[in-house]
Amino acid sequence: MKEHIVISKATIDRLPLYFRTLRLVQQEGTEIISSEELGRRIGVTPEQIRKDLASFGEFGKKGVGYFVRELIRNIGEILGLHRNWNIAIVGVGHLGWALANYKNFASLGFNLAAVFDVDPAKVGQLIGGVEIYSIDRLEEVARERNIHIGVITVPAESAQEVADKLVAAGVRGIWNFAPIKLNVADNVRLVSEDLSVGLSSISYYLSRQ
Ligand SMILES: NC(=O)c1ccc[n+]([C@@H]2O[C@H](COP(=O)([O-])OP(=O)(O)OC[C@H]3O[C@@H](n4cnc5c(N)ncnc54)[C@H](O)[C@@H]3O)[C@@H](O)[C@H]2O)c1
């Protein structure tokens, strides 16, 4: 990566799209792809792709295109997907259950290593091939399984408490689905999802038609 350049969040957010599309392209048997073709598939301009990738180094060959396998490897390394990450899901309700059973995370190197819930009726059951542990054992199990990323799918009122427990257990990445703003230390990478944002955006445009 070019040390002096500050990479924008928008660029970082586009990299997974490039990565996913390149993997599809590879499955189709394509070995070389132009920025025009890649851009057409993703819905971004070729200039944007060239600019994004140039932030990290020199990829592709002028007049030829990008070597798909090489670019997948390079983007994978930039995204840290060349290594495995252990994840834990906290809260196995509707959403936690769906995420635990989502197979694509594993293909990206995200290994579901532990699942926790407060409900005694769920503790001890298997989900996604992993045993559900009592939330009381979070710190012990998270340390033992070397959890890197905690996924919070508990009701909003319990989310901060769960985040604090994850951080106390040494977890430095949190993916929060509860509709509440969480407070974590600066050395913890927190990403919050709000699925209603997408729907509300659609509603905004539909209501203007
Ligand atoms: N279902 C959705 O489509 C959806 C979409 C976006 C966001 N969310 C948010 O995700 C969260 C989960 O939603 P859901 O529909 O799966 O809820 P749910 O009620 O079906 O499941 C919540 C689970 O968390 C467990 N739990 C509660 N307190 C806990 C604690 N302190 N420690 C560990 N486990 C605990 C419950 O026992 C339950 O199994 C909520 O904050 C919700 O607002 C849900």
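See above for the structure.
The model shown is predicted, which means the values in this text are computed figures rather than measured ones.

Visitor: Explain the overall build of the protein to me, please; I cannot follow it from the model alone.
Guide: Along the backbone of the protein there are nine helices and nine strands. In terms of its C-alpha atoms, the protein occupies a principal-axis envelope of roughly 60 × 45 × 35 Å. Counting only residues that meet the buried cut, the protein has 24% of its 209 residues in that class. Taking the contacts inside the protein whose residues are at least 6 apart along the sequence as the reference set, 58% of them involve residues at least 24 apart.

Visitor: Please clarify how the sheet that holds strand β3 (residues 85-90) should be interpreted in this entry.
Guide: Strand pairing in a sheet relies on backbone hydrogen bonds. The paired strands run either parallel or antiparallel. The seven strands lie next to each other as β5-β6-β4-β3-β7-β8-β9, forming an open sheet whose pairing is mixed. Sheet topology places β5 (126-127) and β9 (189-192) at the edges, where each strand pairs with a single neighbour. Here β3 pairs with strand β4 (residues 110-117) via six bridges, running parallel. When the sheet's bridge partners are listed, N86 is paired in β4 with N111. In this fold helix α8 (residues 156-168) packs onto β3, β7 (149-152) and β8 (173-176), with an angle of close to 170° to the strand it touches most, β7.

Visitor: Is there a simple way to think about the nonpolar core in this case?
Guide: A general feature of soluble globular proteins is that nonpolar side chains tend to end up buried together. Within the largest apolar cluster, 28 residues are counted, with the highest numbers of intra-cluster contacts made by A88, I89, V115 and I152. Breaking this core down by element, the ones donating at least two residues are β3, α5 (94-100), β4, β6 (130-134), α7 (138-144), β7 and α8. For this core, the leading source of residues is β4, giving five residues. Excluding residues within four positions of it along the chain, I89 makes contact with G96, L99, A100, L112, V115, V151 and T153. Core analysis: the second largest hydrophobic core is formed by 12 residues, V25, I49, L71 and I72 among them.

Visitor: Would you mind showing me how to read unusual backbone geometry here?
Guide: Most peptide bonds take the trans form, and the phi angle of most residues other than glycine is negative. Unusually for a residue other than glycine, N146 sits at a positive phi of about 55°. Note that N146 resides in the loop between α7 and β7. Residue N146 is classed as exposed on the basis of its C-beta count, with 12 C-beta atoms lying within 10 Å.

Cut-off values and rules
- Residues numbered from 1 in each chain as written.
- Predicted model: local features only at pLDDT ≥ 70, side-chain atom pairs only at ≥ 80, totals over all residues.
- Helix = DSSP H or I, 4+ residues; strand = E, 2+ residues; numbered from the N terminus.
- Buried ≥ 20, exposed ≤ 12 C-beta atoms within 10 Å, placed from the backbone.
- Contact = placed C-beta atoms within 7 Å.
- Pairing = 2+ DSSP bridges.
- Axes fitted to C-alpha atoms, helices over the stretch in contact; angles between N-to-C directions.
- Core = buried A, V, L, I, M, F, W, Y, C linked by C-beta atoms within 7 Å.

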